[in-house]
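# Summary of the model geometry
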Amino acid sequence: MAAPTLQVRPAAGKLWSRLLLLGPAFVAAIAYVDPGNVAANLTAGANYGYLLVWVLVMANAMAVLVQYQSAKLGLATGLSLPEILGKRLGTRSRRLYWVQAEVVAGATDMAEVIGGAVALNLLFGLPLLLGGVIIGIASMLLLALQNARGQRSFEYAVLVLLGVIAVGFMSGLFVNPPDAGSALGGLVPRFEGTDTVLLAASMLGATVMPHAIYLHSALARDRFGFSPDPAVRTRLIRATRFDVLGALLLAGVVNISMLLLAASSLRGIEGTDTIAGAHAAVSAALGPAIGVVFAVGLLASGLASTSVGCYAGATIMGGLLKVRIPLLVRRVITLIPALVILGAGIEPTLALVLSQVLLSFGIPFALIPLIRLTGKREIMGIHVDSRALKIAGWTSATLIVGLNCVLIALTIAGQS
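Residues numbered from 1 in each chain as written. Predicted model: local features only at pLDDT ≥ 70, side-chain atom pairs only at ≥ 80, totals over all residues. Heavy atoms only, no water.

### Focus: the overall build of the protein chain
- For the protein chain, the count of helices and strands is 18 helices and 0 strands.
- Reported as C-alpha extents along the three principal axes, the dimensions of the protein chain are approximately 60 × 50 × 45 Å.
- Here the protein chain, with 416 residues, has 58% of them falling under the buried criterion.
- Long-range contacts, defined here as pairs at least 24 residues apart, represent 86% of the contacts in the protein chain between residues at least 6 apart. (Helix = DSSP H or I, 4+ residues; strand = E, 2+ residues; numbered from the N terminus. Buried < 20%, exposed > 50% of the residue type's maximum accessible area, 1.4 Å probe, protein only. Contact = heavy atoms within 4.5 Å.)

### Quick notes on the nonpolar core
- Judged by nonpolar contacts, the single largest core of 134 residues is most densely connected at Leu 52 and Met 203.
- The contacts of Met 203, once residues within four sequence positions are left out, are Ala 40, Asn 41, Ala 44, Leu 52, Val 55, Leu 56 and Leu 259. (Core = buried A, V, L, I, M, F, W, Y, C linked by side-chain atoms within 4.5 Å.)

### Re the side chain of Asp 385
- Mapping Asp 385 onto the fold places it in the loop between helix 17 (377-380) and helix 18 (387-415).
- A polar contact of 2.5 Å, which involves the side chain of Asp 385, links it to the side chain of Lys 72. (Polar contact = N/O pair within 3.5 Å; in protein donor to acceptor, adjacent residues only side chain to side chain.)

### Side note on helix 3 (residues 35-48)
- A rise of 1.5 Å per residue sets the reference length of helix 3, with its 14 residues, at 20 Å; its end C-alpha atoms lie 20 Å apart and thus fit the reference within 8%.
- For helix 3, the tally of buried residues reaches 12 of 14 residues, placing the bulk of the element in the interior.
- Residues of helix 3 that are buried: Pro 35, Gly 36, Asn 37, Val 38, Ala 39, Ala 40, Asn 41, Leu 42, Thr 43, Ala 44, Gly 45 and Ala 46.
- A positive backbone phi angle near 60° is found at Gly 49, which sits one or two residues after helix 3. (Expected span 1.5 Å × (residues − 1).)

### As for the environment of Ala 148
- Secondary-structure assignment places Ala 148 in helix 7 (residues 128-149).
- Judged by its relative accessible area of 65%, Ala 148 is exposed.
- As a C-alpha pair, Ala 148 and Ala 105 span 43 residues in sequence and 24 Å in three-dimensional space.

### Side note on the pattern of salt bridges
- Counted under the stated rule, the structure contains 7 salt bridges.
- With a shortest N-O distance of 2.6 Å, Arg 221 and Asp 222 are connected by a salt bridge.
- Classification of Arg 221 as buried rests on a relative accessible area of 15%.
- Residue Asp 222 is classed as partly exposed on the basis of its relative accessible area, which comes to 33%.
- Among the charged side chains, a salt-bridge network with shared partners connects Glu 83, Arg 221, Asp 222 and Arg 324. (Salt bridge = Lys/Arg side-chain N within 4 Å of Asp/Glu carboxyl O.)

### Focus on the packing of aromatic side chains
- A complete count under the given rule lists 5 aromatic pairs for this structure.
- Seen in terms of ring centroids, Trp 54 and Phe 191 are 5.4 Å apart; in terms of plane orientation they differ by 70°. Their pairing is edge-to-face. Of the two residues, Trp 54 sits in helix 4 (residues 53-77) while Phe 191 sits in the loop between helix 9 (180-185) and helix 10 (194-207), which places them 137 residues apart along the sequence.
- Taking relative accessible area as the criterion, Trp 54 reaches 11% and is therefore assigned buried.
- In this structure Phe 191 comes out as partly exposed when scored by relative accessible area, which is 37%.
- A network of ring pairs unites the aromatic residues Tyr 97, Tyr 214 and Phe 365 as a single cluster. (Phe/Tyr/Trp six-rings, centres within 6.5 Å; stacked < 30°, edge-to-face > 60°.)

### Regarding the environment of Leu 126
- Assignment of secondary structure puts Leu 126 in the loop between helix 6 (91-124) and helix 7.
- Owing to a relative accessible area of 21%, Leu 126 belongs among the partly exposed residues under this scheme.
- Beyond its immediate sequence surroundings of up to four residues, Leu 126 is in contact with Leu 120, Asn 121 and Ile 134.

### With respect to a nonpolar patch on the surface
- Together, Leu 129, Leu 130, Val 133, Ile 134, Ile 137 and Leu 141 give the surface a local cluster of nonpolar side chains, amounting to about 490 Å² of exposed area.
- Here Val 133 is to be found in helix 7. (Patch = residues over 30% accessible without salt bridge, like charges linked within 9 Å, V, L, I, M, F, W, Y side chains within 5 Å. Areas by Shrake-Rupley, 256 points an atom, 1.4 Å probe, with all protein chains shown as cover.)

### Remarks on helix 7
- With 22 residues, helix 7 extends 31 Å from end C-alpha to end C-alpha; this agrees with the ideal 32 Å at 1.5 Å per step.
- Taken residue by residue, helix 7 has Gly 131, Gly 132, Ile 135, Gly 136, Ser 139, Leu 142, Leu 143 and Gln 146 as its buried positions. Projected down its long axis, helix 7 shows its buried positions confined to an angular sector of 140°, all on one face. Helix 7 presents Leu 141, Ala 148 and Arg 149 as exposed residues on the side facing more than 90 degrees away from its buried surface.
- On the buried face of helix 7, the contacting elements are helix 6, helix 8 (151-175), helix 14 (288-320) and helix 15 (327-344).
- Immediately downstream of helix 7, the backbone of Gly 150 shows phi near 95°, a positive value. (Arc of directions from axis to C-beta.)

Below, the structure written as structure tokens:
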């Protein structure tokens, strides 16, 4: 499928053509504002104030680089990251690789269903199990929209939900603005004990997520196809930079807003180590209206992210196993683990935190192959990473993998 050629008047020019190319990165960006991010960012702000603002700024800068490289891989090769790995790995290695990738995609999906169920409980008092079922059904409707109307309609729906998420988590800042000086002081990298190192690693693990790395290459390719014309590919890759920058800037602002809200309104308040407790504290400190808007943002986060997570899982399976099952069938299957956890009465926030630890194991398997592939001229042709981009990519990969290893080690040590 050839990439589309946009017909615009010279007066409309570059801005209009770039706007028409926006979309795939905003779908991938949903991974950066999912319920796992909510749990990590609220905990950081409530417990340590503005101390870890720098972590979110750093993580978001790395995310821009990672998502750009994933999208570039799809546009330059016409293949998704899982498809390329599926072609290069032997049968046994490919199947083992699929198992770990599927586990982390499933953990992501589970966390997002749980987050949506918590939101319905906060808004309407619904039992968590029933809320999980409703979120599952609602996500099926979103995926049915993608099946029936195509990717562009799915992107529009996700963009609307992303807007709701932004309003939900930023509105409280207008009622109780953060202290500007303290927030700027949070840009200075530092820790205050082992717990802050653990929390910083958790925040990073909740930000750069494996399924978004796998998915973005497919999203860009599926939207634009593969053009044999290098000039067209170059134009699309350049436009993708604006798509990624815009989407990740919005996601970064939302994430930082969560932390600032907790730092300015929840600092030192008991019970804010759970999402439900944070919601109660927000409602008490800023009023019930802000509490409702916060819960609606969480609901939109769970609904959008679980739909995108299911889409990512299908991309992983299709690329590595060369097996495709209908998205709606997959949605039913992947819903089961989340419903089991909700039905068992496990504390939802704890389940979210543990899911982020599990995701940490999967980051190197997605990130390192991506950096290696985009640095190979035989794969990327003229679109191969520059020396500066290679250095930035490997530096980001080292920091991300290193901090997640710290997260895993500290978590294991804490359980022993």
